[in-house]
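Overview (structure and organization)
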Amino acid sequence: MSAQIAAVAVFCGSRFGNLPAYREAAEAMGAGLARAGIHLIYGGGYVGLMGAVADAAIAAGGTVTGIIPEFLEAREVMHRGITTLVVTTSMHTRKQRMFADADAFAILPGGFGTFDEMMEIITWKQLQLHAKPILIVNVANWAAPAIAMLDAAVAQGFASPEARALVRVVPDVPAALAAIAGTERSTMEKEGSVARL
Ligand SMILES: Nc1ncnc2c1ncn2[C@@H]1O[C@H](COP(=O)(O)O)[C@@H](O)[C@H]1O
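The present account deals with the structure reproduced in this document. (Residues numbered from 1 in each chain as written. Predicted model: local features only at pLDDT ≥ 70, side-chain atom pairs only at ≥ 80, totals over all residues. Heavy atoms only, no water.)

1. As for the packing of helix 1 (residues 20-35) against helix 2 (residues 48-59)
Running from amino to carboxyl end, helix 1 crosses helix 2 at an angle of 35 degrees, the nearest separation of the two axes being 7 Å. Seen from above, helix 1 lies across helix 2 with right-handed handedness. Within the contact between the two elements, helix 1 uses Tyr 22, Arg 23, Ala 26, Glu 27, Met 29, Gly 30, Ala 31 and Ala 34 and helix 2 uses Leu 49, Ala 52, Val 53, Ala 56 and Ala 57. Residues belonging to the contact of helix 1 with helix 2 are distributed by class as follows: ten nonpolar, one polar and two charged. (Axes fitted to C-alpha atoms, helices over the stretch in contact; angles between N-to-C directions. Helix = DSSP H or I, 4+ residues; strand = E, 2+ residues; numbered from the N terminus. Left-handed = near helix turned anticlockwise from the far one by under 90°. Contact = heavy atoms within 4.5 Å. Nonpolar A, V, L, I, M, F, W, Y, C, P; charged D, E, K, R; others polar.)

Below is the structure:
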């Protein structure tokens, strides 16, 4: 299965958040992907958890592609120490490129931008534009409100249980890495990884 998952896009915050566990998780994700030989794709910034995941991947010998829109080059301090840096003309082309290049998506702690990226990748899957695995990595329960929102949409009749099942919640980075690496291979294979956008 891990032959299928060659590149993982990590969505996470451009800030560190309030708990040390968030940064530790970002570093563990970057290092874990690198050690597994999996390419990291992320938003291309040097700041916050985004920078932490990229730095950890590079430090562990991994390869990293950062994809950043030109208008954010300064604000998110474009990372110049990564393998490949792609500068896009807009947020839309950034997200499109991250989507196209990734085999799976991992959502780490973050803020509004992370929520946007998470919801877009979930709704694209709901619309059958892709069938790539999506993992919410619920470090220190940071995602509990977002998960409750997804569950509420089902409970209120606005989303199907099948749509809810398109995203998987794991408690921490080791569980995410295990899922990506194929410890739970049948689930990942069932979800598929073929882009149809
Ligand atoms: N509206 C947005 N759409 C997509 N991506 C966004 C948006 N706002 C910010 N972002 C990017 O998401 C990450 C993380 O942002 P946080 O708000 O820190 O979670 C960052 O690369 C933003 O550029």
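After that view of the structure, there is still more to cover.
2. So, the layout of surface pockets
Of the pockets and cavities examined, the largest pocket occupies roughly 360 Å³. Taken together, 16 residues form the lining of the largest pocket, with Gly 13, Ser 14, Arg 15, Gly 110 and Gly 111 sitting closest to its centre. Split into classes, the residues belonging to the lining of the largest pocket amount to seven nonpolar, six polar and three charged. The computed volume of the second largest pocket comes to approximately 230 Å³. Met 50, Glu 76, Gly 113, Thr 114 and Glu 117 are the residues nearest the centre of the second largest pocket, which is lined by 20 residues in total. Counting only elements with at least two residues in the lining of the second largest pocket, the list comes to strand 1 (7-11), helix 3 (91-101) and helix 4 (112-126). In the lining of the second largest pocket, the residues fall into eight nonpolar, seven polar and five charged. (1 Å grid on protein atoms, 1.4 Å probe; cavity = no way out; pocket = protein on both sides within 12 Å on 5 of 7 lines; lining within 4 Å. Points joined across faces, edges and corners; volume = space filled by probe spheres on them.)

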